[in-house]
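# Structural features, examined
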Amino acid sequence: MIDLYYWPTPNGHKVTMFLEEVGLPYTIKPVNIGKGEQFDPGFLKIAPNNRMPAIVDHAPADGGAPITLFESGAILLYLAEKTGRFLATDLRGRQEALQWLFWQMGGLGPMLGQNHHFSQYAPEKIPYAINRYVNETNRLYGVLDRRLADRDFVAGDYGIADMAAYPWIVPWEKQGQTLDDHPNLKRWFHAIAERPATKAAYARAPDVNPDHGKTMSEDAKKVMFGQTAGNTKR
């Protein structure tokens, strides 16, 4: 029913976590971003931003032609609406969940991504850049920790806002953080990690990429970090 264009990154894990939770049948279409497969013309018809994940739903609710979507937040929202799962339907509950979903998309993901880039991948270690993003990561961890002080999950019951945030916290050590500094976040993190669907989603990673978790090659870095409008045309 669902074709998932995927590579095991935090944004990719968001979608497999949802699909494993609801049991929707899906087929993974690997997009090896280290080899530049995200620039394949066929993939660009689905994901014009050269980024995975993306999906094709061959059985949309309106019974029409297949629906294609890119951007992980949009995919989570679409799948929640399609299945009626993991997103509140009342006005206030829905808006509460959506603002935290967009908080992840606009803040937690991009800032932690920059943390990883400057601390793990940049050829030149720039102290200002590393400190800037490690500190911002810490601030965002604090925001999430305070949010979780009086609730089990980010927006009521477990939902798409949690699925969006969790994969970005998984590599907390590489981000220069410690979960012990954020006890509410730590409790939330371990609760999600123990969910069977989370374990099943993460188990897909080495099947898709046998090198998952290994150091990125220099060739892959050139593909990933040397992109311009001109050199990504195919």
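Our structure is the block above this text.
This write-up is about the structure you can find in this document. Each residue is numbered by its place in its chain's sequence as written, counting from 1. Side-chain atom pairs in this predicted model are given and counted only at pLDDT of 80 or more, local residue features only at pLDDT of at least 70, and totals for whole chains, interfaces and linings cover all residues. Processing note: side-chain calculations cover all non-hydrogen atoms of the structure and skip hydrogens and water entirely.

### Observations regarding the side chain of Asp 145
Following the sequence through the fold, Asp 145 ends up in helix H5 (residues 127-147). Pairs of N or O atoms are called polar contacts if they sit within 3.5 Å, as long as, within protein, a hydrogen donor faces a hydrogen acceptor (for residues adjacent in sequence, only side-chain-to-side-chain pairs). Of the polar contacts made by the side chain of Asp 145, one reaches the backbone nitrogen of Asn 184; its length is 2.8 Å. Residue contacts are defined here by distance: any two heavy atoms, one from each residue, within 4.5 Å place the two residues in contact. Filtering out sequence-adjacent residues up to four positions away, Asp 145 remains in contact with His 182, Pro 183, Asn 184 and Leu 185. Helix and strand definitions here come from DSSP, where helices need a minimum of 4 consecutive H or I residues and strands a minimum of 2 consecutive E residues; each element is numbered from the N-terminal end.

### Some thoughts on the pattern of salt bridges
We define a salt bridge as a side-chain nitrogen of Lys or Arg found within 4 Å of a carboxyl oxygen belonging to Asp or Glu. Inspection of the entire model under this criterion finds 10 salt bridges. Across the pair Glu 96 and Arg 151 runs a salt bridge whose closest N-O atoms are separated by 3.5 Å. Of the two residues, Glu 96 sits in helix H4 (residues 91-121) while Arg 151 sits in the loop between H5 and helix H6 (160-169), which places them 55 residues apart along the sequence. With a shortest N-O distance of 2.9 Å, Glu 136 and Arg 139 are connected by a salt bridge.

### A word on H5
Expected helix span is given by 1.5 Å per residue-to-residue step, counting one fewer step than there are residues. Across its 21 residues, H5 extends 30 Å between first and last C-alpha, which sits within 8% of the 30 Å expected from 1.5 Å per residue. Note on classification: 1.4 Å probe, protein chains only; a residue is buried when its accessible area is under 20% of the maximum for its type, exposed when over 50%, partly exposed between these limits. The set of residues buried in H5 consists of Ala 129, Tyr 133, Glu 136, Thr 137, Leu 140, Tyr 141, Gly 142, Val 143, Leu 144, Asp 145 and Arg 147. As for H5, its buried residues are in contact with H4, H6 and helix H7 (183-193).

### Concerning helix H1 (residues 10-22)
Relative to the 18 Å expected for 13 residues at 1.5 Å per residue, H1 spans 19 Å between its end C-alpha atoms, a close match to the ideal helical length. Within the span of H1, buried status applies to Gly 12, His 13, Lys 14, Val 15, Thr 16, Met 17, Phe 18, Leu 19, Glu 21 and Val 22. Phi turns positive one or two residues past the end of H1, at Gly 23, with a value near 75°.

### Let's talk about the packing of H5 against H7
To obtain each axis, a line is fitted to C-alpha atoms, and for helices this fit is confined to the stretch in contact; angles are then taken between N-to-C directions over 0 to 180 degrees. Axis separation between H5 and H7 bottoms out at 7 Å; the angle between their running directions is 80°. Judged by the angle between their axes, H5 and H7 are roughly perpendicular. For the pair H5 and H7, contact is made by Tyr 141, Leu 144 and Asp 145 and by Pro 183, Asn 184, Leu 185 and Trp 188, respectively. Residue type decides the class: Asp, Glu, Lys and Arg count as charged, Ala, Val, Leu, Ile, Met, Phe, Trp, Tyr, Cys and Pro as nonpolar, and the leftover types, Gly among them, as polar. Counted by class, the contact of H5 with H7 contains five nonpolar, one polar and one charged residues. By definition in this entry, angles of less than 35 degrees are roughly parallel, angles greater than 145 are roughly antiparallel, angles of 65 to 115 are roughly perpendicular, and the rest are oblique.

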